[in-house]
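Below are the chains, spelled out letter by letter.
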Amino acid sequence: MTGGRLDQFFQLEVSDPLTMDLWIGGDHRTKQFRLRAEHNDDMVGTGDGPLDLTVTFLDINQPVTIESPPAKDTTPLAPTDAQEG
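Predicted model, so just to flag it, every value in this text is computed and none were measured.

1. Thoughts on the confidence of the model for the protein
Per-residue confidence for the protein gives a mean pLDDT of 76; residues scoring 70 or more make up 60%. Of all secondary-structure elements in the protein, the lowest mean pLDDT belongs to helix α2 (residues 81-84), at 58, while strand β1 (residues 19-24) reaches the highest, 92.

Set out below in structure tokens:
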């Protein structure tokens, strides 16, 4: 997360315990990161529930092509100007 997005993460009201696991490979590079907790997600109106985020790092230093998903398949972390009214 970069810039102003970290404050949005903290607004998720993550409760204790916040568990983070980090896997390091034999090449001393991060291979996988997992974050788990319970949270109250009032920002997108989904209510209470588990937060379970896993990031796996593959093909380090290789070129990638990324396509944005359709807007209907996304949820903003914070209200947009249009949503705020």
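2. Describing a nonpolar patch on the surface
Taken together, the side chains of Leu53, Val55, Phe57 and Ile60 present a nonpolar region at the surface, about 290 Å² in accessible area. Structurally, phenylalanine 57 can be placed in the loop between β3 (47-56) and α2. Using a relative accessible area of 38% as the deciding quantity, one classes phenylalanine 57 as partly exposed.

3. Here's the deal with the pattern of salt bridges
Two side chains bearing opposite charge may form a pair once their charged atoms approach each other closely. This structure, assessed with the given rule, holds 4 salt bridges. A salt bridge links lysine 31 to aspartate 27; the nearest nitrogen and oxygen atoms lie 3.1 Å apart. Overall, the relative accessible area of 32% leaves lysine 31 in the partly exposed class. Here aspartate 27 falls in the partly exposed class, since its relative accessible area comes to 41%.

4. Digging into unusual backbone geometry
Unusually for a residue other than glycine, histidine 28 sits at a positive phi of about 65 degrees. As for its placement among the helices and strands, histidine 28 is situated in the loop between β1 and β2 (30-41).

What counts, and at which threshold
Residues numbered from 1 in each chain as written. Predicted model: local features only at pLDDT ≥ 70, side-chain atom pairs only at ≥ 80, totals over all residues. Heavy atoms only, no water. pLDDT = per-residue confidence, 0-100. Helix = DSSP H or I, 4+ residues; strand = E, 2+ residues; numbered from the N terminus. Patch = residues over 30% accessible without salt bridge, like charges linked within 9 Å, V, L, I, M, F, W, Y side chains within 5 Å. Areas by Shrake-Rupley, 256 points an atom, 1.4 Å probe, with all protein chains shown as cover. Salt bridge = Lys/Arg side-chain N within 4 Å of Asp/Glu carboxyl O. Buried < 20%, exposed > 50% of the residue type's maximum accessible area, 1.4 Å probe, protein only.

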